[in-house]
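Here are the chains, one letter per residue:
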Amino acid sequence: MDIVYQKYRPTKISHLDLKTVRNLLAKVLSSENLPHAFLFAGPKGIGKTSAARVLAKSLNCLKQKKGEPCGKCDLCLEIGRGESLDVLEIDAASNRGIDDIRLLKEKVNLQPLKAKSKVYIVDEVHMLTREAFNAILKTLEEPPAHVYFVFCTTNPEKIPETVLSRLTRIDFQQATQEEIIHSLGRVVKGEKLKIDKEILELIAGCADGSFRDAHKIFYQLWLENKGRISLKSAQKALASWQEATPWYLLELIANKQIKEAVVIFETLGGRGVDWQDYGRRLLVNIQKLLLVKLGAQKGEKKTIELTNSLSLEEIIALGNVFGESLLKAKGSPLPWLPFQLAVISLGKYEEEKKEKPFPGELKTKKLKQPVEKKELVVEKQPVVKKQILALESLKENWLRFLEAVKPLNHSVCALLRAARPKKVDQDYVTLEVFYQFHKEQLEQERNRKILEQALASLFQTPLRIRCELGEKPVSVATAPKPISGNGDDLYKLAKDIFGE
Ligand SMILES: [Zn+2]
């Protein structure tokens with residue numbers, strides 16, 4: 001399977017399957033002041049390492065255009081085969097990783113052998129010891145001009161703050177159905193296969209946002225069916241994959257099939273599932289439901305269906321209960337037991353719903369009429385009760401506003417930190433921002449809705465948000481020293497958006 005996955009990995013920026021990552025990297029790589037250290041954060045099998053290799057090519061390609069590597073020159077080919085002596089991949093999770101980091105420290109100042117730049121790709125970087133991080137820190141503070149780092153991790157929260165603050169972070173989020181089909185499409189086309197789109201959709205559904213899993217499933221089906229895959233055989237073969245997705249669990253819970261949901265953990269336990277990974281993916285799915293429910297994100301068909309079958313209270317409860325079980329699962333001799341207990345407590349809640357509040361449930365305002373997206377208001381101790389919001393109260397409660405936005409979207413919260421409230425009138429809150437890119441980002445419909453939701457829940461008054469470009473204040477420039485170049489916009493931008 002790995003051979004096929006490797007063969008059809010994205011080799012150019014324009015091939016990258018995750019749309020947001022593709023656009024961001026294209027933007028960063030076509031700019032002049034390139035950061036020297038990146039953090040690629042996201043779940044397993046989402047293409048972080050592939051993207052890191054593409055980045056290495058872009059930095060070294062002899063004929064790159066606006067950051068896009070040619071894919072044909074000697075250096076592109078060498079890097080693609082993993083044979084370049086100037087592009088070094090280190091697996092921090094292995095024993096050798098520690099030795100490699102020691103070597104890195106010794107050799108980092110030496111010029112590249114053949115390429116323009118040396119690129120260090122460090123996988124599972126959160127596994128490094130504190131000493132190893134300290135050893136790298138100095139290099140990160142003042143990287144030699146020819147050295148670049150790409151740190152990849154599934155657990156960014158385990159990286160020390162001092163290191164994090166030096167990195168330009170790019171988040172790799174779960175792939176959408178469409179992005180997975182796009183990725184599988186390369187194999188279908190490359191191998192000249194004839195496969196129904198419906199089958200690809202089915203595979204994408206089982207892959208739960210992971211390109212690697214999608215390719216694994218695809219390859220297995222392909223082998224079993226000797227290349228001729230029928231929809232029926234696919235459905236049959238994919239049943240066990242489907243069971244292993246957190247999405248399947250959520251569907252069972254939504255259907256009130258509590259017993260089946262408890263049993264599923266036994267089945268998965270027997271298959272040696274990685275529970276930390278499962279728990280994280282489960283939470284990501286719940287977060288998706290929450291955003292769709294609030295109208296802050298669009299969502300695909302199956303997401304909308306599942307969202308409609310759950311109330312906001314239920315989704316919030318799912319997040320709280322499973323968040324706790326993920327923490328408890330760690331180090332437990334029976335790591336899936338906390339998840340089973342969570343499911344049982346959810347089931348009990350269903351039975352006693354009318355009398356008792358749900359375990360871990362937030363108090364939410366009940367609405368008389370059917371729930372409309374825009375009318376959903378979470379009652380979080382309203383700060384101001386009056387209808388018209390005064391600029392002064394917005395300023396006073398600015399931090400609370402940031403806190404209300406943070407759980408909905410970290411990046412938006414980061415952007416907001418670099419903004420300030422400027423004006424409030426009957427219909428609009430005007431924010432002052434200092435970079436064109438911030439303005440564009442905050443005004444994107446999806447992000448704007450998040451802000452408006454938070455505003456509505458905090459101040460009990462529905463207002464629209466708009467941004468105005470202000471003059472750069474002096475204080476903004478006192479942020480941590482840029483990694484490269486002068487206090488350039490790009491660094492600020494990247495730091496503000498991804499450096500949280
Ligand atoms: Zn090239």
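It should be noted that the structure appears before, not after, this text.
Here the structure is a predicted model, which means the values were calculated and not measured. (Residues numbered from 1 in each chain as written. Predicted model: local features only at pLDDT ≥ 70, side-chain atom pairs only at ≥ 80, totals over all residues. Heavy atoms only, no water.)

S.K.: Can you walk me through the sheet that holds strand 1 (residues 37–41) in this structure?
M.R.: Strands in a sheet are paired, the pairing made by backbone hydrogen bonds, and the direction either parallel or antiparallel. With parallel pairing, five strands are arranged side by side in an open sheet as 2-3-4-1-5. Whereas interior strands pair on both sides, the edge strands pair on one side only; in this sheet they are strand 2 (87–91) and strand 5 (168–171). Averaged over all adjacent pairs, the angle separating strand axes in this sheet is 20°, with direction ignored. Looking at chain direction, strand 1 and strand 4 (residues 147–153) are connected through five bridges and run parallel. Paired with Ala37 across the bridge in strand 4 is Phe149. (Pairing = 2+ DSSP bridges. Helix = DSSP H or I, 4+ residues; strand = E, 2+ residues; numbered from the N terminus. Axes fitted to C-alpha atoms, helices over the stretch in contact; angles between N-to-C directions.)

S.K.: Before we go on, may I ask you to explain the side chain of Ser84 in this structure?
M.R.: By the element assignment, Ser84 lies in the loop between helix 4 (74–80) and strand 2. The buried category is assigned to Ser84, whose relative accessible area is 8%. Only 3.1 Å separates the side chain of Ser84 from the backbone nitrogen of Asp86, close enough to count as a polar contact. At 3.4 Å, the side chain of Ser84 and the backbone nitrogen of Val87 are in polar contact. In contact with Ser84, not counting residues within four places along its chain, are Glu78 and Ile79. (Buried < 20%, exposed > 50% of the residue type's maximum accessible area, 1.4 Å probe, protein only. Polar contact = N/O pair within 3.5 Å; in protein donor to acceptor, adjacent residues only side chain to side chain. Contact = heavy atoms within 4.5 Å.)

S.K.: Sorry if this is basic, but what is going on with the coordination of the zinc ion here?
M.R.: Ideal values for angles at a metal depend on the geometry: 109.5 degrees with four tetrahedral donors, 90 or 180 degrees with six octahedral donors. Every protein donor of the zinc ion is accounted for by Cys61 (SG), Cys70 (SG), Cys73 (SG) and Cys76 (SG), and the metal-donor separations fall at 2.3 Å. Because the angles between the four donor atoms bound to the zinc ion fall within 102 to 119°, the donor set is best described as tetrahedral. Each donor residue of the zinc ion lies on one chain, and together they are spaced C-x8-C-x2-C-x2-C. Using a relative accessible area of 18% as the deciding quantity, one classes Cys70 as buried. (Donors = N, O, S within 2.8 Å, 3.2 Å for Na, K, Ca; no water. Tetrahedral: all angles 85-135°; square planar, octahedral: opposite > 155°, others 65-115°.)

S.K.: In this structure, what is going on with a nonpolar patch on the surface? I would like to understand it.
M.R.: Taken together, the side chains of Leu334, Leu337, Leu341 and Ile344 make up a nonpolar region of the molecular surface, amounting to roughly 330 Å² of accessible area. The partly exposed category is assigned to Ile344, whose relative accessible area is 40%. (Patch = residues over 30% accessible without salt bridge, like charges linked within 9 Å, V, L, I, M, F, W, Y side chains within 5 Å. Areas by Shrake-Rupley, 256 points an atom, 1.4 Å probe, with all protein chains shown as cover. Salt bridge = Lys/Arg side-chain N within 4 Å of Asp/Glu carboxyl O.)

S.K.: Is there a simple way to explain unusual backbone geometry in this structure?
M.R.: Peptide bonds are trans in most cases, and residues, glycine excluded, mostly fall at negative phi. Located in the positive-phi region is Lys192, a residue other than glycine, with phi close to 55°. For Lys192, a relative accessible area of 74% gives the class exposed. Unusually for a residue other than glycine, Lys256 sits at a positive phi of about 60°. Classification of Lys256 by relative accessible area gives partly exposed; the value is 40%.

S.K.: Would you explain the pattern of salt bridges in this entry?
M.R.: Opposite charge on two side chains permits them to pair, given that their charged atoms come into close proximity. Scanning the model with the defined rule gives 21 salt bridges in all. We note a salt bridge from Lys44 to Asp274, for which the minimum N-O separation is 3.0 Å. With Lys44 in the loop between strand 1 and helix 3 (48–60) and Asp274 in the loop between helix 13 (258–270) and helix 14 (275–293), this residue pair connects regions lying 230 residues apart in the sequence.

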